[in-house]
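Notes for the structure review
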Amino acid sequence: MNIHEYQAKELLKKYGVRIQEGILAHTAEEAEAAAKSLKREYNSDWCVIKAQIHAGGRGKGGGVKLAKSPADARELASKIIGMQLVTHQTGPEGKKVHKVLVAQDVYYPGASETKEYYVGVLLDRSTGRNVIMASTEGGMEIETVAEETPEKIFKEWIDPSVGFQPFQARKIAFALGLSGNAFKEMVKFLDALYKAYVDTDSSMFEINPVLKTSDDKILAVDGKVNLDDNALYRHQDLAELRDLAEEDPLEVEAGESGLNYVKLDGNVGCMVNGAGLAMATMDVIKLSGGEPANFLDVGGGANAKTVEAGFRIILKDPNVKAILINVFGGIVRCDRVASGVVEAYKNIGEINIPIIVRLQGTNAELGAQIISESGLKVFPAILLKEAADKIKEVLA
């Protein structure tokens, strides 16, 4: 589960991570009031207006602006709030901005220059260990750094039996070229960051940039946090940070029905029981000349209710020209699935696109018979090749 920058920063702050302070605003008037409050607190007219959406690259898309006065903050916020912000992570459709973070100016003058770094914590599945990644190239996309200058990315793997050790934090700080008070600050920063990552059962923390201020403080200027959905039952307070407005409405609806759904850009809707079979089904669709419109796993106990919910979600996608239901009858019998498909079809009413139902496993022949005798616009198949041929036929 993704959370917003302002939420990530508040979470980090609870663990002692120094952050760029800010105030959330939903309107231009609130942004101006926030800028005035920051001016009183930090004695600076300048502040940063940052669009709050679940996507990176906001600055390049016009979602991050520097305001030089509270009045300027109000004007800039009025332009950002309500805009459809397009970044490399949102796709061409972009995301609507509902709120902004009015953040303090941390690039103030001083004895030495500021410097930006990258720090990320995530699970390295190839080693089965958490890894801290750091780079001197803060502010840049880490993928670009990895491609063009991989030698500038430093990695430190954490032994789960002993946890993150002080010498590892010092090693990273040395690799980043820090010294003096900035070195000590970075060691504290990394220790607090890793503790926050572990305690919240997160799957990723990414701070880009981490800033060394002109007076050698180390703080998080941005924050991208991904919480592990499977662990949210242990963190009810974190589960409440979910922003449904940032998620695809169909994916939200599917989740409420207990379905695993991910919307794609194709023309053939998929309904499958089991994630592995779903991936194979998407391959079959592509090999048949179509494009999968979604990933939809109804689980091992597919019944009329879940099938109907799946139908309704898939049919809300106007790009879908056909639906392929691919079920292996192991936990659930194929005849029960076939009866569920027929019942769901009748409950929904007339469906104007062809539906191919491929059943294999327990009572597959009986299931195919139920489909064939239903009198509905539903085509049975037992072999994957039959399903693939039928897809080619209906898309022709």
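Residues numbered from 1 in each chain as written. Predicted model: local features only at pLDDT ≥ 70, side-chain atom pairs only at ≥ 80, totals over all residues. Heavy atoms only, no water.

**As for the overall build of the protein chain**
- Within the protein chain, the regular secondary structure consists of 13 helices and 18 strands.
- Summarising its shape, the C-alpha atoms of the protein chain cover approximately 85 × 50 × 40 Å along the three principal directions.
- Considering the protein chain as a whole, with its 396 residues, one finds that 49% of them fall into the buried category.
- Look at the contacts in the protein chain between residues 6 or more apart in sequence, and 66% of them connect residues 24 or more apart.
- Of the accessible surface of the protein chain, which amounts to about 18800 Å², a share of 51% is contributed by carbon and sulfur atoms.
- The averaged location of the 56 negative side-chain charges in the protein chain is 2 Å from the averaged location of its 46 positive side-chain charges. (Helix = DSSP H or I, 4+ residues; strand = E, 2+ residues; numbered from the N terminus. Buried < 20%, exposed > 50% of the residue type's maximum accessible area, 1.4 Å probe, protein only. Contact = heavy atoms within 4.5 Å. Areas by Shrake-Rupley, 256 points an atom, 1.4 Å probe, with all protein chains shown as cover. Lys, Arg positive; Asp, Glu negative; His and termini not counted. Charge placed at Lys NZ, Arg CZ, Asp CG, Glu CD.)

**Here's the deal with the sheet that holds strand E3 (residues 64-67)**
- The strand order across the open sheet formed by four strands is E1-E6-E2-E3, and the pairing between neighbours is antiparallel. Every other strand in the sheet has two partners, leaving strand E1 (22-25) and E3 as the edge strands with one partner each. Between one strand and the next, the sheet's axes are offset by a mean angle of 25°, whatever the strand orientation.
- In this fold helix H2 (residues 28-42) packs onto E1, strand E2 (47-51) and strand E6 (100-104), with an angle of close to 15° to the strand it touches most, E6. (Pairing = 2+ DSSP bridges. Axes fitted to C-alpha atoms, helices over the stretch in contact; angles between N-to-C directions.)

**Examining unusual backbone geometry**
- Backbone torsion omega between Asn208 and Pro209 reads 10°, so that peptide bond is classified as cis.
- If you trace the backbone, Pro209 turns up in strand E10 (residues 202-212).
- Phi at Asn43 is positive, roughly 55°, even though this residue is not glycine.
- For Asn43, the position within the fold is in the loop between H2 and E2.
- In the Ramachandran plot, Asn363 falls in the positive-phi region, its phi being about 60° despite a non-glycine side chain.
- By the secondary structure assignment, Asn363 is in the loop between strand E17 (355-361) and helix H12 (364-372).
- According to the relative accessible area criterion, Asn363 is partly exposed, its value standing at 33%.

**Quick word on the nonpolar core**
- If you look at the biggest cluster of nonpolar residues, it comprises 39 residues, and the most contacted ones within it are Ile132, Met186, Phe189 and Phe205.
- Secondary-structure elements contributing two or more residues to this core are helix H1 (5-14), strand E7 (115-124), strand E8 (129-135), helix H5 (166-175), helix H6 (180-199), E10, strand E11 (218-220) and strand E12 (224-227).
- Considering every element that reaches this core, the biggest residue donor is H6, with 11 residues.
- The residues contacting Phe205, other than those within four sequence positions of it, are Leu11, Leu12, Val119, Gly120, Val121, Leu193, Ala196, Tyr197, Thr200, Lys224 and Val225.
- Judged by nonpolar contacts, the second largest core, of 33 residues, contains Ile314, Ile323, Val341 and Ala364. (Core = buried A, V, L, I, M, F, W, Y, C linked by side-chain atoms within 4.5 Å.)

**A look at the packing of helix H11 (residues 334-348) against H12**
- Look at H11 against H12: their axes get within 7 Å of each other, and the N-to-C directions meet at 15°. With respect to each other, H11 and H12 are oriented roughly parallel. Crossing of H11 against H12: the hand is right-handed. Contacts from Cys334, Asp335, Ala338, Ser339, Val341 and Val342 of H11 reach H12 at Ala364, Leu366, Gly367, Ile370 and Ile371.
- Taken together, the residues of the contact of H11 with H12 break down into eight nonpolar, two polar and one charged. (Parallel < 35°, antiparallel > 145°, perpendicular 65-115°, else oblique. Left-handed = near helix turned anticlockwise from the far one by under 90°. Nonpolar A, V, L, I, M, F, W, Y, C, P; charged D, E, K, R; others polar.)

**Concerning the packing of helix H10 (residues 304-315) against H11**
- In the contact formed by H10 and H11, the axes pass within 8 Å of each other and the chain directions differ by 50°. Comparing the axis directions of H10 and H11 gives the class oblique. Where H10 crosses over H11, the two elements pack in a sense that is right-handed. Contacts between H10 and H11 involve Ala304, Val307, Glu308, Phe311, Arg312 and Leu315 from the first element and Gly340, Val341, Glu343, Ala344, Tyr345, Asn347 and Ile348 from the second.
- Here the residues of the contact of H10 with H11 are counted per class, giving eight nonpolar, two polar and three charged.

**Things to note about the side chain of Thr87**
- With respect to the helices, strands and loops of the structure, Thr87 is situated in the loop between strand E4 (84-85) and strand E5 (95-96).
- At 3.0 Å, the side chain of Thr87 and the backbone nitrogen of Gln89 are in polar contact.
- Not counting chain neighbours up to four residues away, the residues in contact with Thr87 comprise Ala55, Gly56, Gly57 and Arg58. (Polar contact = N/O pair within 3.5 Å; in protein donor to acceptor, adjacent residues only side chain to side chain.)

**Observations concerning the packing of aromatic side chains**
- Summed over the entire model, instances satisfying the criterion amount to four aromatic pairs.
- Ring centres of Phe164 and Tyr194 lie 5.4 Å apart, and the angle between their planes is 45°; on these two criteria the pair is classed as tilted. You can see Phe164 sitting in the loop between strand E9 (153-158) and H5 and its partner Tyr194 sitting in helix H6, a full 30 residues away along the chain. Of the two residues examined, Phe164 and Tyr194, each falls in the buried class.
- Arranged with centres 6.0 Å apart and planes meeting at 35°, the rings of Tyr194 and Tyr197 form a pair that is tilted. On the criterion of helical spacing, the pair formed by Tyr194 and Tyr197 is a turn pair, its members being three residues apart in helix H6.
- For Tyr194, a relative accessible area of 9% translates into the label buried.
- Clustering of aromatic rings is evident, with ring pairs tying together Phe164, Tyr194, Tyr197 and Phe205.
- The ring of Tyr117 carries the charged tip of Lys115 above its face, separated from the ring centre by 5.9 Å.
- The side chain of Lys390 reaches across the aromatic face of Phe379, ending 4.7 Å from its centre. (Phe/Tyr/Trp six-rings, centres within 6.5 Å; stacked < 30°, edge-to-face > 60°. Lys NZ or Arg CZ within 6 Å of the ring centre and 35° of its normal.)

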